[in-house]
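As a plain string of letters, each chain reads:
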Amino acid sequence: LNGDLEDYFGEAFNFSLGLQLSVKEIVILIKELCRTDVDVNVMDSAQNEIPDMRLDCTSAKNSLNWEPNYSLESGLIETIDFYKDYLTQINLLNS
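Summarised in this report is the structure supplied together with it.

Re the side chain of S16
And then number 1: Examined against the element boundaries, S16 turns out to sit in the segment before α1 (23-34).
And then number 2: Given a relative accessible area of 14%, S16 falls into the buried group.
And then number 3: Within the structure, the side chain of S16 is placed 3.0 Å from the backbone nitrogen of G18, a separation counted as a polar contact.
And then number 4: For S16, the side chain forms a polar contact with the main-chain oxygen of L55, separated by 3.1 Å.
And then number 5: Among residues more than four places away in sequence, those in contact with S16 are L55, C57, W66 and P68.

Pasting the structure below:
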């Protein structure tokens, strides 16, 4: 933390990897990590959506000395593994 905590009162910070990915790119990565070949139809029909969005975490890095602990892939792998274990425990998924 650069400065006193009070210096950041009311500040908003973005925490991200700074990547710009489409829904389709994320879906493809999740399918690869899950080793599945399910069909996914991204219809691209939502109105009033922001077509390209990327969070800028520069302020968090500079002010808070923040750095991400996960890559997108490692975060997705941990999340997928969590849900596989959880769904297996409650008998909604066969391991």
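Notes on α1
And then number 1: Given a rise of 1.5 Å per residue, 12 residues ought to cover 16 Å, and the 16 Å separating the end C-alpha atoms of α1 matches this to within 8%.
And then number 2: Looking one or two residues past α1, R35 carries a phi angle of roughly 50°, positive in sign.

Some details on the layout of surface pockets
And then number 1: A volume near 690 Å³ is recorded for the largest pocket.
And then number 2: Around the largest pocket, the lining is made up of 25 residues, and of these L21, S22, V23, I50 and P51 lie nearest the centre.
And then number 3: Classifying every residue of the lining of the largest pocket gives 14 nonpolar, five polar and six charged.

A look at the side chain of S63
And then number 1: Mapped onto the elements, S63 comes out in helix α2 (residues 58-64).
And then number 2: Of the residues examined, S63 reaches a relative accessible area of 18% and is grouped as buried.
And then number 3: Filtering out sequence-adjacent residues up to four positions away, S63 remains in contact with L1, N2, Y8 and F13.

Observations concerning the pattern of salt bridges
And then number 1: Summed over all chains, the structure comprises one salt bridge.
And then number 2: For the salt bridge of K61 with E67, the shortest nitrogen-to-oxygen distance reads 3.9 Å.

Remarks on the packing of α1 against helix α3 (residues 72-89)
And then number 1: Two elements in contact, α1 and α3, have axes separated by 10 Å at closest approach and are oriented at 55°. Classified by the angle between their axes, α1 and α3 sit oblique to one another. For the element pair α1 and α3, the recorded crossing hand is right-handed. Residue-level inspection shows L29, I30, L33 and C34 of α1 in contact with α3, the latter providing L72, E73, L76, I77 and I80.
And then number 2: Looking at the contact of α1 with α3, its residues break down into eight nonpolar, no polar and one charged.

Calculation rules
Residues numbered from 1 in each chain as written. Predicted model: local features only at pLDDT ≥ 70, side-chain atom pairs only at ≥ 80, totals over all residues. Heavy atoms only, no water. Helix = DSSP H or I, 4+ residues; strand = E, 2+ residues; numbered from the N terminus. Buried < 20%, exposed > 50% of the residue type's maximum accessible area, 1.4 Å probe, protein only. Polar contact = N/O pair within 3.5 Å; in protein donor to acceptor, adjacent residues only side chain to side chain. Contact = heavy atoms within 4.5 Å. Expected span 1.5 Å × (residues − 1). 1 Å grid on protein atoms, 1.4 Å probe; cavity = no way out; pocket = protein on both sides within 12 Å on 5 of 7 lines; lining within 4 Å. Points joined across faces, edges and corners; volume = space filled by probe spheres on them. Nonpolar A, V, L, I, M, F, W, Y, C, P; charged D, E, K, R; others polar. Salt bridge = Lys/Arg side-chain N within 4 Å of Asp/Glu carboxyl O. Axes fitted to C-alpha atoms, helices over the stretch in contact; angles between N-to-C directions. Parallel < 35°, antiparallel > 145°, perpendicular 65-115°, else oblique. Left-handed = near helix turned anticlockwise from the far one by under 90°.

The quantities given are spatial measurements derived from coordinates; they are silent on function.
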